[in-house]
Amino acid sequence: MKRWTFLQSIRINVPAKRLTGLLLAGVMAASLMACGKAEEEKEERVTLHILSMRGVGEFPEGTDENNNPWVDYLKEKTGYDFEFTFYNQQNAEDRNLLASSGLTYDLISWPSDATADMVKLYSSGYLTAIDEYESVAPDAFGQVPEDVWRTVRQDGATIALPSVSTTTGNTGMGIRADYLEKVGKEMPETFEEFKDVLIAFRDGDPDGNGVNDTIPLGGAIPFQQTIEMFQAFNGITAEYDVDENGKVFYSLDTEKGRRMVAMMNEFYGEGLVDREAPTMNRDLYLQRVTNGNVACAPMWWWIKRQTDNSFAKSLGLESAEESPMKWIDPIFTNVDGEPLRFAPVQASDHVIIFPADGNTEEAMKFLNLLVTEPVNEYMVFGKEGEHWERNQDGSRKKLPLYDEESYRWHYCDGLLYDAQIMQESDGSPENAAWYWPVQDFAGDYSKLSVYYRVPPLKDETALAYSELDTYVRVELTKFMMGERSLEEYDSFIQELYDNYQLQTICDELTEKYNQ
């Protein structure tokens, strides 16, 4: 029996001219289907939803966080699409509200000084552990030393991916050199000289407007760093410190802590520090520094760079190097005549956490691309020939566009990078800085995890730590502004033991430290 194919049956029953048309239509339909399928496959790109810490710099007109050349480059080089949402990392309520808002994120950039809140999110089931994803992000995992991993493990599970930030020379004290000259003072070398300079700024009308309205010392951002500034003045290196026997203690429960709070109250009462320091935000800080209201201010190296660029534009200077805001270099000594230092080198500046309902595998693949070339080089330095050029000795020289496109730090700050590489290219202060030199710890990250960033605690203790931290900031504000008497300081410290498990917190930290 003869078998007929489909085409043969058409040939028998359909005239030739019509057959040709049908064949052409069939071919065209098949081609269109194939093209459509190819286009569909081509357009199947994963969109990553990212909640990240807000960096420095304004987006140019006509651009925003999801529409600018840097995002376009990331899309091109990584093959992913993005939906970025930025939050104010200094605002704990803002951060926690966004993280638990019910929106689906694939990854969240989280400040590592908010460890307790991170642990609570994990314990509630909001976050997923990431141990199983090392195989899809070997480079991102491989750059993290073992001792740093210890700071993000909870009950045997790894709950975050740390950034590796061996940051030195991060923060210094900026001072208006022109104001210093107008009040007839030299760069201070001791704390006593520094305080004398602040009094001269307060009383000497350094901006020449006929009114003594200059703010001698600006508040840092956030208020926690204003607290750390006063800690540095008094020789306190961290909120939780370690004695010679390896026992962790709470620094405010010392004579230095009492002296620090009294100094905060004194500076505020005598008008030596910004009256709005307790509520200082980034925009107000930058506004006051760049419009000349503030004579002296603690600042991160990247804020110093941004203010220098602002001064260059507003004052018509040839370059940012001519900015009147200079580092106090070397930094002056503290009250006890010792080197002024606070906040030891950071084991991890921030971490990446992963919501349980997000696409963790694709997020991990993306982060792995960020720490490898060429994406990593572009994220940190930009394009060769546009943002930087190579010197004869092989180092990089910044070009004007490098600083002009400062909005890119929204992405660099919040995602993984090695801050040391960035700072080597940007001229971070060395003698002017009050961060502990990295060699003081000789790479012993286990010390850093207790010294600066509190490691994960047991669930109940983590909650107590978070509540204690919030309460202390509120009460320190009251002591500073005179709303609470310094005579109540002893009872304030006792409250921390009685109501916020301070002894338990110190005991657990001691156990972590000595593991």
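It should be noted that the structure appears before, not after, this text.
Residues numbered from 1 in each chain as written. Predicted model: local features only at pLDDT ≥ 70, side-chain atom pairs only at ≥ 80, totals over all residues. Heavy atoms only, no water.

Enquirer: Quick one: what's the story with the sheet that holds strand S6 (residues 161–162), residue by residue and with numbers?
Expert: Judged by pairing direction, the sheet is mixed, and its 5 strands sit side by side in the order S2-S1-S3-S13-S6 without closing on themselves. Two strands close off the open sheet at either side, each with one partner strand: strand S2 (81–87) and S6. Of the strand pairs in this sheet, strand S1 (residues 47–53) and S2 are connected by 7 bridges, and their pairing is parallel. Counted as the bridge partner of Met-53 is Tyr-87 from S2. Together, S1, S2, strand S3 (107–111), S6 and strand S13 (350–353) form the strand contacts of helix H14 (residues 360–370), whose direction differs from that of S1 by roughly 65 degrees. (Pairing = 2+ DSSP bridges. Helix = DSSP H or I, 4+ residues; strand = E, 2+ residues; numbered from the N terminus. Contact = heavy atoms within 4.5 Å. Axes fitted to C-alpha atoms, helices over the stretch in contact; angles between N-to-C directions.)

Enquirer: Run through the packing of helix H10 (residues 223–233) against helix H11 (residues 255–269), naming residues and quoting values.
Expert: Between H10 and H11, the shortest axis-to-axis distance is 9 Å and the interhelical angle comes to 115 degrees. With respect to their mutual orientation, H10 and H11 come out roughly perpendicular. You can see that H10 and H11 cross each other, and the crossing is right-handed. Along its contact with H10, which presents Phe-223, Ile-227, Phe-230, Gln-231 and Phe-233, the element H11 presents Met-260, Met-263, Met-264 and Phe-267. (Parallel < 35°, antiparallel > 145°, perpendicular 65-115°, else oblique. Left-handed = near helix turned anticlockwise from the far one by under 90°.)

Enquirer: Residue-level account of the environment of Asp-283, with values.
Expert: Checked against the element boundaries, Asp-283 lands in helix H12 (residues 282–290). C-alpha separation for the pair Asp-283 and Ile-221, spaced 62 residues apart in sequence, amounts to 9.8 Å.

Enquirer: How would you summarise the pattern of salt bridges if you had to cite specific residues and measurements?
Expert: Tallied over the entire structure, the rule returns 18 salt bridges. Two residues, Lys-185 and Asp-196, come together in a salt bridge whose shortest N-O distance is 2.7 Å. Linking Lys-185 in the loop between helix H8 (177–182) and helix H9 (191–203) with Asp-196 in helix H9, this pair joins segments that are 11 residues apart in sequence. On the basis of relative accessibility, which here comes to 36%, the residue Asp-196 falls in the partly exposed class. The salt bridge partner of Arg-473 is Asp-469, with a shortest N-O separation of 3.2 Å. One end of the pair is Arg-473 and the other is Asp-469, both in helix H20 (residues 459–481) and 4 residues apart, which spans about a single turn. (Salt bridge = Lys/Arg side-chain N within 4 Å of Asp/Glu carboxyl O. Buried < 20%, exposed > 50% of the residue type's maximum accessible area, 1.4 Å probe, protein only.)

Enquirer: A description of the packing of aromatic side chains should follow, citing residues and the corresponding values.
Expert: Applying the stated rule across the entire model yields 20 aromatic pairs. An angle of 25 degrees between the planes, with centres 6.5 Å apart, marks the rings of Phe-59 and Phe-86 as stacked. Residue Phe-59 is found in the loop between S1 and helix H3 (69–78), and its partner Phe-86 is found in strand S2; the two are separated by 27 residues along the sequence. Judged by centre distance (4.9 Å) and plane angle (20 degrees), the rings of Tyr-471 and Tyr-500 are stacked. Of this pair, Tyr-471 sits in helix H20 while Tyr-500 sits in the loop between helix H21 (489–499) and helix H22 (502–513), and the two are 29 residues apart along the sequence. A relative accessible area of 18% means that Tyr-500 is categorised as buried. Through a chain of ring-to-ring contacts, three or more aromatic side chains come together here, namely Phe-59, Tyr-80, Phe-82, Phe-84, Phe-86 and Phe-366. (Phe/Tyr/Trp six-rings, centres within 6.5 Å; stacked < 30°, edge-to-face > 60°.)

Enquirer: Outline the pairing of S1, supporting the account with residue identities and numerical values.
Expert: Judged by how many residues are buried, S1 sits mostly within the fold: 5 of 7 residues are covered. Inspection of the sheet shows S1 paired to S3 by 2 bridges, in the parallel sense. Bridge assignment links Leu-51 to a residue of S3, and that residue is Ile-108.

Enquirer: Hey, could you go over the nonpolar core for me, with residue numbers and the actual values?
Expert: Among the nonpolar cores identified, the biggest contains 109 residues, and Leu-161 and Phe-233 are the most heavily contacted of them. In terms of residue count, H20 provides more of this core than any other element does, 8 residues in total. Contact partners of Phe-233, with chain neighbours within four places excluded, come to Met-173, Phe-191, Phe-194, Leu-217, Met-263, Phe-332, Asn-334, Val-335 and Leu-340. Core analysis: the second largest hydrophobic core is formed by 15 residues, Ile-215, Met-299, Trp-300 and Trp-327 among them. (Core = buried A, V, L, I, M, F, W, Y, C linked by side-chain atoms within 4.5 Å.)

Enquirer: Any details on the side chain of Ser-251? Residues and values, ideally.
Expert: Residue position: Ser-251 is located in the loop between strand S10 (248–250) and H11. Residue class for Ser-251 comes out buried when judged on its relative accessible area of 4%. Not counting residues up to four positions away in its chain, the partners in contact with Ser-251 are Ile-236, Ala-238, Glu-239, Tyr-240, Asp-241 and Gly-257.

Enquirer: Tell me what's going on with the environment of Ile-159, and back it up with residues and numbers.
Expert: Among the structural elements, Ile-159 can be located in the loop between strand S5 (157–158) and S6. Sequence spacing of Ile-159 and Ile-352 is 193 residues, and the spatial spacing of their C-alpha atoms is 9.0 Å. Beyond its immediate chain neighbours, meaning those up to four positions away, Ile-159 contacts Met-118, Val-119, Tyr-122, Thr-128, Val-152, Gln-154 and Ile-353.

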